[in-house]
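# Reading the structure
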Amino acid sequence: MSEVTSLLLTFLREAWVALAGAFVAFALLAGIAQMLRVSSASVLGANLWVWESISALISILVLGLFAFLGIPQIVSALQSSLPGAGGCGPISELGTLASGLIGGLAALRMLKAAFTTMLSASIGGASSFANALIESGEALFGMILASAAIPLAAWFLGTC
Amino acid sequence: MFDPIMEQILAIARDAWAFMAGLLIVVALLGGLYFILQGTAGMAFGGSRMTSMAIIGVVGLVIIVLFAFLFLPQLGEMLKNFQPKPPF
């Protein structure tokens, strides 16, 4: 069971690193696209367009800081609240596997939500921005729920 | 496992960056030419406000291009430095 856990967590870690790298690349592309928009709008004299682009640039920066500084801290805090092992034997091993997987999947889901939010912020899509933030909240809520469900499941299935 | 995919994504992103940087230079040059035309026209018939707006426009355009080419790479470096290890 521990080998399966480490294998799955390695897979999730690699996905995290890839997604974080893609996040940086797309944030920069979104930034230069907004700068292009600012320059063309300033030549045309479109003030509103300029301010929209500047606020989009600021939102990309804030989202980048949230994704890289906020999400790991949130995941670490919530993962410490997840009970690793309830009981003994296979229940304990399953609890360890479940808590590791829940943490990894929730972290990836939040980073994916931040990635989607950044992309939609760069193209000015307000609805997908809100959906991505809701998804981030769902992942957070799922982790909180799991921190209560794992001990309950261990108690239901029988503890030593 | 994700390295080949990342390589492909980064290659596309690099191409897109080069394309947009080139486009930004073209737009800035065209904008600069337009402002210079506006400024010279203003000077020719004594439109001082038109000339001063054109000068401000050129300065603004230069600031925007400098901001794009100096600030964005630094922002990328900063985000790369902040890139977290997996928290699980």
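Throughout this description, residue numbers start from 1 for each chain and increase along the sequence as written. Written order decides the labels, with chains lettered from A and ligands numbered from 1. With the structure being a predicted model, the display of local features is reserved for residues of pLDDT at least 70 and the display and counting of side-chain atom pairs for 80 or more, all residues being used for whole-chain, interface and lining totals. Side-chain figures throughout are based on the complete set of non-hydrogen atoms in the structure, without hydrogens or water.

## Topic: the packing of helix H1 (residues 2-44) of chain A against helix H2 (residues 48-82) of chain B
- Fitted lines through C-alpha atoms give the axes, limited to the stretch in contact for helices. The angle between two N-to-C directions lies from 0 to 180 degrees. Numbering of helices and strands starts at the N terminus; helices are DSSP runs of H or I of at least 4 residues and strands are runs of E of at least 2. At a minimum axis distance of 10 Å, the contact between H1(A) and H2(B) shows a crossing angle of 170 degrees. When the axes of H1(A) and H2(B) are compared, the pair comes out roughly antiparallel. Within the contact between the two elements, H1(A) uses A:Val24, A:Ala27, A:Leu28, A:Gly31, A:Ile32, A:Met35, A:Val38, A:Ser39, A:Ser42 and A:Val43 and H2(B) uses B:Leu61, B:Ile64, B:Phe67, B:Ala68, B:Phe69, B:Leu72, B:Gly76, B:Leu79 and B:Lys80.
- Here the residues of the contact of H1(A) with H2(B) are counted per class, giving 14 nonpolar, four polar and one charged. In what follows, roughly perpendicular refers to angles from 65 to 115 degrees, roughly parallel to angles under 35, roughly antiparallel to angles over 145, and oblique to any angle outside these ranges. Residue contacts follow a heavy-atom distance rule, with two residues in contact if any of their heavy atoms lie within 4.5 Å. Gly counts as polar in this scheme, as do all residues outside two lists: the nonpolar Ala, Val, Leu, Ile, Met, Phe, Trp, Tyr, Cys and Pro, and the charged Asp, Glu, Lys and Arg.

## Some points on the interface of chain A and chain B
- The partner chain B presents 34 residues to the 41 residues of chain A that form the contact.
- Put simply, a salt bridge is a Lys or Arg side-chain nitrogen that is within 4 Å of an Asp or Glu carboxyl oxygen. Run the count over chain A and chain B and you get zero salt bridges.
- Distance and chemistry together define a polar contact, namely a pair of N or O atoms within 3.5 Å, with one atom able to donate a hydrogen and the other to accept it when in protein, and with adjacent residues in sequence counting only for side-chain atoms on both sides. Between chain A and chain B we count one residue pair in polar contact (both at pLDDT 80 or more) in total.
- Those elements that provide at least two residues to the side of chain A that touches chain B are H1, helix H2 (47-81) and helix H3 (90-123) of chain A.
- Looking at the side of chain A that touches chain B element by element, the count peaks at 28 residues for H1(A).
- Residue composition of the side of chain A that touches chain B, by class: 29 nonpolar, 10 polar and two charged.

## Some words on the environment of B:Gln8
- Here B:Gln8 is to be found in helix H1 (residues 3-44).
- Accessibility expressed as a relative area gives 57% for B:Gln8, which makes it exposed. Burial classes: relative accessible area under 20% of the type maximum marks a residue as buried, over 50% as exposed, and values in between as partly exposed (1.4 Å probe, protein chains only).

## A short note on the packing of aromatic side chains
Residues and elements named next belong to chain B.
- The pairing test for Phe, Tyr and Trp rings, Trp by its six-membered ring, is centres within 6.5 Å, and the orientation test on the planes gives stacked under 30 degrees, edge-to-face over 60, and tilted for anything in between. For the coordinates displayed, the defined rule picks out six aromatic pairs over all chains.
- Consider the rings of tyrosine 34 and phenylalanine 35, whose centres lie 5.4 Å apart with planes at 50 degrees: the pair is tilted.
- Owing to a relative accessible area of 38%, tyrosine 34 belongs among the partly exposed residues under this scheme.
- Under the relative-accessibility criterion, phenylalanine 35 is labelled buried at 7%.

## Focus on H2(B)
- With 35 residues, H2(B) extends 49 Å between its outermost C-alpha atoms, agreeing within 8% with the 51 Å of an ideal straight helix rising 1.5 Å per residue.
- Bending is quantified residue by residue as the angle between axes fitted to the seven-residue window ending at that residue and the seven-residue window starting at it. Along its length, H2(B) reaches its greatest deviation from straightness, about 25 degrees, at B:Phe67.
- Along H2(B), the positions that sit buried rather than exposed are B:Thr51, B:Ala54, B:Gly57, B:Leu61, B:Ile64, B:Val65, B:Ala68, B:Leu72, B:Leu75, B:Gly76 and B:Leu79.
- At its buried positions, H2(B) is contacted by H1 and H2 of chain A together with H1 of chain B. Given the number of residues in a helix, its expected span is that number minus one, multiplied by 1.5 Å.

## Digging into a nonpolar patch on the surface
Residues and elements named next belong to chain B.
- Nonpolar side chains collect at one region of the surface, where Ile25, Leu29, Val62, Leu66, Phe69 and Leu70 lie side by side and expose about 560 Å² of accessible area between them.
- For the nonpolar patch, the secondary-structure elements that each account for two or more residues are H1 and H2.
- With four residues, H2 is the largest single contributor of residues to the nonpolar patch.
- Examined against the element boundaries, valine 62 turns out to sit in helix H2. The patch calculation keeps residues exceeding 30% relative accessible area without a salt bridge and links them within 9 Å when they carry like charges or within 5 Å when they are nonpolar (Val, Leu, Ile, Met, Phe, Trp, Tyr). In this description, accessible areas are obtained by the Shrake-Rupley approach with a 1.4 Å probe, and a residue is regarded as covered only by the protein chains that are shown.

## Quick notes on the environment of B:Ile64
- Positionally, B:Ile64 belongs in helix H2.
- The spatial distance from the C-alpha of B:Ile64 to the C-alpha of B:Ala28 is 8.9 Å, given a sequence separation of 36 residues.

## Topic: H1(B)
- Between its first and last C-alpha, H1(B) extends 60 Å over 42 residues, near the 62 Å set by a 1.5 Å rise per residue.
- Among all positions in H1(B), only B:Met6, B:Ala13, B:Met20, B:Ala21, B:Leu24, B:Ala28, B:Gly31, B:Gly32, B:Phe35, B:Gln38, B:Gly39 and B:Gly42 are buried.
- The inward-facing, buried residues of H1(B) abut H1 of chain A together with H2 of chain B.
- Directly beyond the C-terminal end of H1(B), a positive phi value near 75 degrees is found at B:Gly46.

## Considering the nonpolar core
- What we call a nonpolar core is a set of buried Ala, Val, Leu, Ile, Met, Phe, Trp, Tyr and Cys residues that are connected through their side-chain atoms within 4.5 Å. By size, the foremost hydrophobic cluster in this structure holds 30 residues, and its most contacted members are A:Trp16, A:Phe23, A:Ala67, A:Phe68, A:Ile71 and A:Met118.
- Elements represented by at least two residues in this core include exactly H1, H2 and H3 of chain A.
- Ignoring any residue separated from it by four or fewer positions in sequence, one finds A:Phe23 in contact with A:Leu63, A:Gly64, A:Ala67, A:Phe68, A:Ala114, A:Phe115 and A:Met118.
- Residues A:Leu29, A:Val50, A:Leu57 and B:Ala13 belong to the second largest nonpolar core, which totals 17 residues.

## A short note on the side chain of A:Ser53
- Examined against the element boundaries, A:Ser53 turns out to sit in helix H2.
- If we skip the residues at most four places from it in the chain, A:Ser53 touches A:Gln34, A:Arg37 and A:Val38.

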